[in-house]
Amino acid sequence: MSENILAAQPIAPADQTPRAAAQAAAEERRLREPLVFGGIPEAEGWTLAPIAPLDRVHFRTDRELPLDAFRRALPAGVTVTYDEGDGLYRVDGAPGSGETLAALVRGWCAAEGYTTVGLRPEAGVRRRAPRDLPPAFLADLCRHYCRVSLKRLQRNMSTIRLHLPDNDDIDQQVAEWVLKAVSHYDESKGVPFGAFLATQLSKWVHDLGRNAYGRTAADTENKQQKAIAAFTAEHQRRPSEKELAAYMGQSVATLRRNSQTVATLNGLRNLQSLDGGADAVEFVLPDSSEVPDEIMGEAEQTLLSHALTAACAPDPTARRDQRAAQPNVLGWATWYLTTWGGQTKTQLSADLGTSVRNMNVHADRAEKALKERLAELAG
């Protein structure tokens, strides 16, 4: 009898004191207990605002829409979101309203002089509106999972800081990701929200590079970095060019071409003027009567390139959610490399792995800011 009782008792590891074992057991019980947010168990909270189907209209435009005016033109209850990286608008409405919303969007854009690209309705998109959850539940849930997300993203922080150098911006981006996960999470699939959020965070971190530099270019850089890290861990040294090509299953020519793309990305990230702000350096154009024409031409190019870089720098007065708050790297690359780098837009599009249309959108933004900048310098 005593042997059976002893056999049923958990045995602490030999190197663990009874007090440490008790603390570990208490921690394990705490982790197994259901999370409670705003006085509501997490599992019950999701059922208060279950994910539901809706109709969505996807489209892009030839230039950015005034979102406030656009929202006012749509029926009540319809939501509009804009993905700045992809230039994609999404209009969400009740099930069965997709065709009607598509016609409204098409008509409003035509009347206001905007051209829509790839406009299409989609039925059965499953989403949740975070605002439909109890406010206290949502607030506590976001507070908890923002802390969890920041801890999990520590290993990705060097990548994140390439795009979001400020800690406040990182905190806000993580909060936006948690809310995005809340809107996508389907509790009926039986996957805990924490596990779902973790898988999405890995994807969204990578999307920062895709949105800034183009999907193909960012994917190429990511694959090369992973291959170099894996080879280094295995052989305790960095691979040679031939070894890396063989490790990735590529020809040396393909590796060199892809490496040039990665080098272009790194060069764009390291632009000192973008980091220093629009007014980090001042250039003075000399009097044309005092210098030869060839020197005058170089000075004009210096002035123009500085004005371009200043025009593409982040606007420190812009809100975090505005496009102007981020450096317009693609606009800078399009202007600089086609004006002084001798490349065509088609060549540059292939190198950066993005569309010519996307380059034109960012270049138009740069052109508008450049004209304003040159007007300031002329004044």
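The shown structure was predicted, so the numbers you read here are calculated from the model rather than taken from an experiment. (Residues numbered from 1 in each chain as written. Predicted model: local features only at pLDDT ≥ 70, side-chain atom pairs only at ≥ 80, totals over all residues. Heavy atoms only, no water.)

Colleague: Any chance you could explain the pattern of salt bridges here in plain terms?
Modeller: Pairs may arise between side chains of opposite charge once their charged atoms sit close together. One pass over the full model with this rule turns up seven salt bridges. When the shortest N-O distance is used, the salt bridge between Arg-128 and Glu-187 registers 2.5 Å. Here Glu-187 lies in the loop between α8 (167–184) and α9 (193–213) and Arg-128 lies in the loop between β6 (116–127) and α6 (135–152), a separation of 59 residues in the sequence. (Salt bridge = Lys/Arg side-chain N within 4 Å of Asp/Glu carboxyl O. Helix = DSSP H or I, 4+ residues; strand = E, 2+ residues; numbered from the N terminus.)

Colleague: Would you take a moment to explain the environment of Arg-131 for this structure?
Modeller: Considering the arrangement of structural elements, one finds Arg-131 in the loop between β6 and α6. As for Arg-131 and Ser-183, which are separated by 52 residues in sequence, their C-alpha atoms are 9.6 Å apart.

Colleague: What's the story with the packing of aromatic side chains in this structure? I'm lost.
Modeller: The description of an aromatic ring pair rests on the distance of the ring centres and on the angle between the ring planes. By the definition in use, this model includes 14 aromatic pairs. Each ring, one from Phe-59 and one from Phe-70, has its centre 6.0 Å from the other, and the planes form 70 degrees; the classification is edge-to-face. Of the two residues, Phe-59 is situated in strand β3 (residues 52–61) and Phe-70 in helix α4 (residues 67–72); the sequence distance between them amounts to eleven residues. Residue classification places Phe-70 among the buried positions, given a relative accessible area of 0%. An angle of 15 degrees between the planes, with centres 5.2 Å apart, marks the rings of Phe-59 and Tyr-89 as stacked. In this pair, Phe-59 sits in strand β3 while Tyr-89 sits in strand β5 (residues 88–93), placing the two residues 30 residues apart along the sequence. Feature note: the residues Phe-37, Trp-46, Phe-137, Tyr-145, Tyr-185, Phe-193 and Phe-196 constitute an aromatic cluster, connected by ring pairs. Its guanidinium or amino end placed over the ring of Tyr-114, Arg-63 lies 4.2 Å from that ring's centre, counting from NZ or CZ. (Phe/Tyr/Trp six-rings, centres within 6.5 Å; stacked < 30°, edge-to-face > 60°. Buried < 20%, exposed > 50% of the residue type's maximum accessible area, 1.4 Å probe, protein only. Lys NZ or Arg CZ within 6 Å of the ring centre and 35° of its normal.)

Colleague: Help me out: how do you make sense of helix α16 (residues 345–352) in this one?
Modeller: The α-helix advances 3.6 residues per turn, and as a result positions three or four apart in sequence lie on the same side. Of all the residues in α16, the buried ones are Leu-348, Ser-349 and Leu-352. One side of α16 carries all its buried residues, which in axial view fall inside an arc of 105 degrees. Projecting away from the buried face of α16 at angles above 90 degrees are the exposed residues Thr-346 and Ala-350. Positive phi appears at Gly-353, one or two residues downstream of α16, with a value of about 70 degrees. (Arc of directions from axis to C-beta.)

Colleague: Can you help me understand the nonpolar core in this one?
Modeller: Within the largest apolar cluster, 29 residues are counted, with the highest numbers of intra-cluster contacts made by Leu-141, Leu-153, Ile-160, Trp-177 and Phe-193. Every element with two or more residues in this core is listed here: α6, α7 (157–163), α8 and α9. The residues touching Leu-141, leaving out its near neighbours within four places in the chain, are Phe-37, Glu-42, Trp-46, Val-182 and Phe-193. The next biggest cluster of nonpolar side chains, apart from the first, holds 15 residues, and it includes Leu-65, Val-80, Val-91 and Tyr-114. (Core = buried A, V, L, I, M, F, W, Y, C linked by side-chain atoms within 4.5 Å. Contact = heavy atoms within 4.5 Å.)

Colleague: Would you take a moment to explain the confidence of the model for the chain for this structure?
Modeller: It should be kept in mind that the predicted coordinates are not to be read in detail where pLDDT is low. On average, residues of the chain carry a pLDDT of 76, and 70% of them reach 70 or more. Low pLDDT (under 50) marks residues 1–14, which in the prediction has one contact with non-local residues, meaning those over four places away or in another chain. The model gives residues 271–299 a pLDDT under 50, and that stretch makes 28 contacts with residues more than four places away or in other chains. (pLDDT = per-residue confidence, 0-100.)

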